[in-house]
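# Fold and geometry: a report
This is what each chain is made of:
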Amino acid sequence: MKSVIMAGGFGTRLRPLTNDLPKPMVSMVNRPMIEHIIGLLKDNGITDLTSLLYFQPETITGHLKDGSAYGVKMDYITAGVDLGTAGSVANAMRGWGDGRETTLVISGDVLTDIDLNKAVEFHRKSGSIATIVLTRVDNPLPFGIVITGKDGRILKFLEKPSWGEVFSDTINTGIYILEREVLETIPIDREFDFSKDLFPALLAAGKPIYGYIADGYWKDVGSLEEYRAANMDILMGKVKVRMPGEKVADKDIWVGKGSKIDFTSKFEGAVVIGEGCRMGGECRIVNSVIGSNVTVEDGAVVMDSVLWDGVRVGRGALVQEAVIASATEVCDGAHIAEGVIVSDHCRIGSNSTVKANVKVWPHKSVEDGAVLASSLIWGEKWNRNVFSAYGVTGLANIEISPEFAAKLGAAFGASLPKGSFVSTSRDAHKTSRMINRAVMTGILSTGVNVHDYGVTPMPVCRFLTRGGSEAAGVHTRRSPFESQVIDLKFFDKTGLDLHPNYEKTIEKLFFREDFTRMPMEETGEMVFPIHGFEYYQSGFMSAIDADVIRKARFKIVLDYSYGSSSRIFPAILGRLNCDVIALNANLNGTKTTRTAEEFQKSLIQLSTIVRSLQADVGVLLDAGGEKIFIVDDTGEILDGDSALDIMALLTIKCHSADEKKGVIAVPVTASRSIDRMAGTYGFTVKRTKTTARGLMEAATDDVLMVGEPTGGYIFTQFQPNFDGMYAVVKMLEMLASLDLRLHKLIREIPPSVILKERVPCPFEHKGMIMRRLAEDSAGREIQLIDGIKITFGEDWIAAYPSQDQPYFHVVAEASTEQRSRELIKNYIELIKGWQKERQPA
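Residue numbers run consecutively from 1 along every chain, following the written order of its sequence. Given that this is a predicted model, residues contribute local features only at a pLDDT of at least 70 and side-chain atom pairs are listed and counted only at 80 or more, while totals for whole chains, interfaces and linings are drawn from all residues. No hydrogens and no water enter the side-chain calculation; it runs on all heavy atoms of the structure.

## A word on the nonpolar core
Nine residue types can take part in a nonpolar core, namely buried Ala, Val, Leu, Ile, Met, Phe, Trp, Tyr and Cys, and a core is a set of them joined through side-chain atoms within 4.5 Å. Burial classification: accessible surface area is computed with a 1.4 Å probe over protein chains only, and a residue below 20% of its type maximum counts as buried, one above 50% as exposed, and the rest as partly exposed. Of all hydrophobic cores here, the largest spans 65 residues; its most connected members are Phe 540 and Phe 569. The greatest single-element share of this core, amounting to 10 residues, is contributed by helix α18 (residues 724-738). The contact criterion used throughout is that any non-hydrogen atoms of two residues lie within 4.5 Å. Those residues in contact with Phe 540 that sit more than four places away from it in its chain are Phe 569, Ile 572, Phe 718, Met 725, Tyr 726 and Val 729. With 61 residues, the next largest nonpolar core counts Ile 38, Val 120, Met 243 and Val 272 among its residues. Starting at the N terminus, helices and strands are each numbered in turn, a helix being any DSSP run of H or I of at least four residues and a strand any DSSP run of E of at least two.

## Focus: helix α9 (residues 458-467)
Taken across its 10 residues, α9 has 8 buried, putting it largely inside the fold. The complete set of buried residues in α9 reads Met 458, Pro 459, Val 460, Cys 461, Arg 462, Phe 463, Leu 464 and Thr 465.

## Here's the deal with empty space enclosed by the protein
Here the term cavity refers to a set of points on a 1 Å grid, laid over the protein atoms alone, in which a 1.4 Å probe fits but cannot get out; the term pocket refers to an open set having protein on both sides within 12 Å along at least five of seven lines, with lining residues being those that place an atom within 4 Å of a point. Grid points are joined across faces, edges and corners, and a volume is the space filled by probe spheres set on the points. With the rule as written, the count across this model stands at 2 cavities of 30 Å³ or more. Its volume calculated, the largest cavity comes out at about 110 Å³. Surrounding the largest cavity, 13 residues form its lining, Asp 427, Arg 477, Arg 478, Ala 623 and Gly 624 being those nearest its centre. Considering every element that reaches the lining of the largest cavity, the biggest residue donor is strand β37 (residues 470-478), with 3 residues. Side-chain classes are defined by residue name, with Ala, Val, Leu, Ile, Met, Phe, Trp, Tyr, Cys and Pro counting as nonpolar, Asp, Glu, Lys and Arg as charged, and the others, Gly among them, as polar. Considering only residue class, the lining of the largest cavity consists of 3 nonpolar, 5 polar and 5 charged. Quantified by volume, the second largest cavity comes out at close to 30 Å³. Tyr 713, Ile 714, Phe 715, Phe 718, Gln 719, Asn 721, Asp 723, Tyr 726 and Ala 727 are the residues that line the second largest cavity. Contributions of two or more residues to the lining of the second largest cavity are made by β47 (712-715) and α18. No other element matches the 3 residues that β47 contributes to the lining of the second largest cavity. Broken down by class, the residue content of the lining of the second largest cavity amounts to 6 nonpolar, 2 polar and 1 charged.

## A closer look at the side chain of Lys 653
Tracing the chain through its elements places Lys 653 in helix α15 (residues 640-654). What makes Lys 653 buried here is its relative accessible area of 17%. For Lys 653, the contacting residues outside a window of four places in its chain are Tyr 681, Leu 738, Leu 745 and Glu 748.

## Comments concerning the packing of helix α7 (residues 402-414) against helix α8 (residues 430-445)
Note on geometry: axes are C-alpha line fits, over the in-contact stretch for helices, and angles between N-to-C directions span 0 to 180 degrees. Viewed as axis vectors pointing N to C, α7 and α8 meet at an angle of 40°, and their least axial separation amounts to 6 Å. As the angle between them shows, α7 and α8 are arranged oblique. The way α7 lies across α8 gives a crossing that is right-handed. Contacts between α7 and α8 pair Pro 402, Ala 405, Ala 406, Gly 409, Ala 410 and Phe 412 from the former with Met 434, Ile 435, Ala 438, Val 439, Thr 441, Gly 442, Ile 443 and Ser 445 from the latter. For the contact of α7 with α8, the residue count by class is 10 nonpolar, 4 polar and no charged. Roughly parallel means an angle under 35 degrees; roughly antiparallel, over 145; roughly perpendicular, 65 to 115; everything else is oblique. By convention the crossing between two helices is left-handed if the near helix lies anticlockwise of the far one by an angle smaller than a right angle, and right-handed if it lies clockwise.

## Overview of the environment of Val 617
Within the element layout of this structure, Val 617 appears in strand β42 (residues 617-621). Along the primary structure Val 617 and Arg 153 are separated by 464 residues, whereas in three dimensions their C-alpha atoms are 56 Å apart. Excluding anything up to four places from it in sequence, Val 617 contacts Lys 555, Ile 556, Val 557, Val 610, Ile 630, Val 631, Met 731, Leu 732 and Leu 742.

## A few points about the pattern of salt bridges
Salt bridges are defined by distance alone: a side-chain nitrogen of Lys or Arg within 4 Å of a carboxyl oxygen of Asp or Glu. Taken as a whole and judged by the stated rule, the model has 45 salt bridges. For Arg 693, the salt bridge is made with Glu 697, and the minimal N-O distance between the two is 2.8 Å. Residue Arg 693 and its partner Glu 697 are both found in helix α17 (residues 692-699); the two are separated by 4 residues, about one turn of the helix. On the accessibility criterion, Arg 693 (16% relative accessible area) is buried. Taken together, the shared-partner salt bridges connect Arg 278, Glu 297, Arg 312, Glu 329 and Asp 332 into one network.

## A few points about the packing of α7 against helix α10 (residues 500-512)
The contact between α7 and α10 brings their axes to 8 Å, and the two run at 125°. In terms of orientation, α7 lies oblique with respect to α10. Relative to α10, α7 is oriented so that their crossing is right-handed. For the pair α7 and α10, contact is made by Phe 404, Lys 407, Leu 408, Ala 411, Phe 412 and Ala 414 and by Ile 506, Leu 509 and Phe 510, respectively. Partitioning the contact of α7 with α10 into residue classes produces 8 nonpolar, no polar and 1 charged.

Dropping the structure here:
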C-alpha cells in the first residue's frame, strides 16, 4: 500500500509563523508536523510515501531527504500547475504505473493519532472505491460535513456550510482511501478537487463511497490559536505522538541532548526541552515546549507557551500563553501577554510589554520600555472571521475604526479588477460618514475607483450598482438595533449580498495583507454621481402601474424612522397622487437606532394615527429603507407572519388570471397558510434559507415575490433585493387593482398558530445538536434547507442555529396554541438534555 502526503499548503492562517515556512514544516513539540504524519504512517505499516509539494518545496525535501532517517521511502512531486487536490493525487497515482490498487491520502499539516489500519480494514470490508475518514468535532462550521447511513455509505456532502446547513457534527478529516478505479472519474490536466468534484461525482454515479467514523485525536491546525492548543494537547497526553528527548523518571518532562538545567530552576506540568538548551537559576517553566538551543535566563517565567529554536528569554522576563518563533530575543524584564505571536528574528526590548493578541512580524524590533498595544486588525475580534451573517459589524471607532475600515477597503479593492468602480453609500450619522470615507480610501489605494452616492438608502445603492458599471458596492450604517455599533454591508454587481466564498476571499486578503498599493498616478478616482436618484425613480416608476394607484387616492401614514428614504420617497408618492401623513421624515443619524421598546411605541403611535385619521394603511419604513412594518385600515398592527401571509395572498390574487401560475418564495419557517393559499389558486411555494443572501438568491430565479416574516419583501420585476419603498408602492398597487383593503384580506388567511423561542446553545455544541436532531427524526418527514424542519401531519417544528449567537431558534406551527407550545417545549427539552449529556460529570 502506498500513501500520498498532501504537503503543498501555504499556511496562510498561521502567518506570521509561516511567512517563510511551508505549513507542514511548522514545529509541533520540536518536530515539523509532517514528521508526526510520517511517524503515524510508519506505525501503521505504510512506508512507501510520496509527498506532493508546492510552496517552498526545497525546505521539505532538504529536511526529509529520501526518508531513510525516518524508516520510510520518500518520493516527491512538485506541482507545475494547480490540478486541485484530486487531480494532483491522480497525477501521482498514474505516474506509479505499478498496478497497486489502494492508496491512502493524508494531509501533511494536521495532528492526529487515528488508527489508519482500522480505516483500511473498514474500506476493504465495505467494498468501497473511496472511503473518507471522518471524525466528530464541536464546531463543524469550517469543515466539510459528511452524512452517512448506518452502514457507513455516504448520503450527502456539504462543503464548509453555514450554521443553518450544519446537519451533523461529523466532518471530513482529509484522510482518504482510494482504489485505482477512481482515476476513471478524474480528468487529466485539469483542476479537480476531492470535496467539490470527485466525491459528488462518485455519489451522483451511484459508486460505492463510504465514510469511516474514526476514534482518536484529530485537529486541523488552521489558526494560530489552534496551533498553540495542539501543542498543549500533546503535553496533556490527549494525542499519541513520539516525544523528542529523554523522559525524566516519574515526571512529564522530556530533555534533549546537551541541555543544561540549573538545579534551582522549577518545572510544573508537562515540559519538553530541546537539545543544547540552558535553563537559568530560579527560572520557572510551566506546561511549555522549549525548542533547541534556547536560553531561559535567571528568574524568567515561561507558561503555557511554545518557543522555537534559538530563542533567548532574558532575566526576569515573563512569557504567557504565547508563541515565540526562531532566533527571537525577549530581553530582560519584558512581558509577553496571552495570545501573542512573535515571528522569527525579532527583538522585544528590555522592560517592554507586548499586549494580548498582538502579532509581531519577522525582523521587527520593539524598543526598550515600549508598550506594543493590540492592533484591532490583529485583535481577538478579527482573528478568525471579519464577516458575520449580517456583513461586517462592530463597535464604532473601537472595533470598526478608520484604520480597520481602510484596510478592509483595501482588501475589498484588491479582490476586484484594477480600474473597476465600486458604489458606496451611507446613512446620515457622522460616524458612518467617517467610516465610509475610510473604506473609500482603502479601495482607492488599490487602483479601484469609487462612485460615492453619499446619504442614500441601501436599496437605491443596490439598484444603481446593479444597473450601472459598478463591480460591487458597500453601504455603511449605524446599526438599527445597537446604538454603538456600525454595520458594513457589502454586495456584488447584481446588488446581492456577497456570497460566503467571496467573503472568505476578502478575509484572506485582509489577514495576509495581500494587496498591492498603487503608485501615485494609478490610484483610483472618487466620483460623485449626480443623477442616481433620477435613475432609481425612473426604474421604479416603470415597474409599477401608476394609473391604478392614482385612481385609488390612498391616504397613508408613513413613518420614515429618520432615515434617508425621506430624500427620495416623497417625490415618488407625490407622483402617485397619494395623501401622505409623514412621521419622522427629517434626516437624523442619531435617531436611526431604536430599542425594542421604542420600536413598539412607534408602531402603537402609527396605529393610533391611522385609526384617528381613518387612513387606508400605515407603514413604518426602517431607517435603511429595506423593511416595512404594516398597520391595516382599522389600526391593527400586523405581526410579521400575518403581514407575510397578506403580501403573499395579494401577489397570488393579482396574478391568478395569468395563464402560467407563478412561484412565491418564503423561508422554510414561514407559515403553512401560504402553501394552502397558493394551492387554492394553483401557485407554487418555494422554501428558502432564512438568511438574507438565501432569500436574495431565490429572487434571481423565476419567482414573483420573495418575503420573510421580519418585514423584508422582494418583488423581482424591479430588483432581486429588499426594497421597502417599492414594497409599499407594490402593496398599494395590488390593493388598488383588487379594490380591497388589508383588514378584509385577513379573513382569508387560513388560521394557525406560530410560536418562536430561543434556547441557549454554545457554538461547540451546535453541530452535535444538529446531528442528534437528524438522528431523532429518522423515519419522519424532514426538510434540511436551513437547520432541520420536522413535520407531524400538518403541524411542524423547525430548529436552526443562530449564525452568530450562542443559541438555537425553535419555531413551531400548529392549529392550536396548545399544540404549538407542546412541540416547542418538547424540542427545547431535547436540546437542553443533549447539551447536559456533553457536560463533564
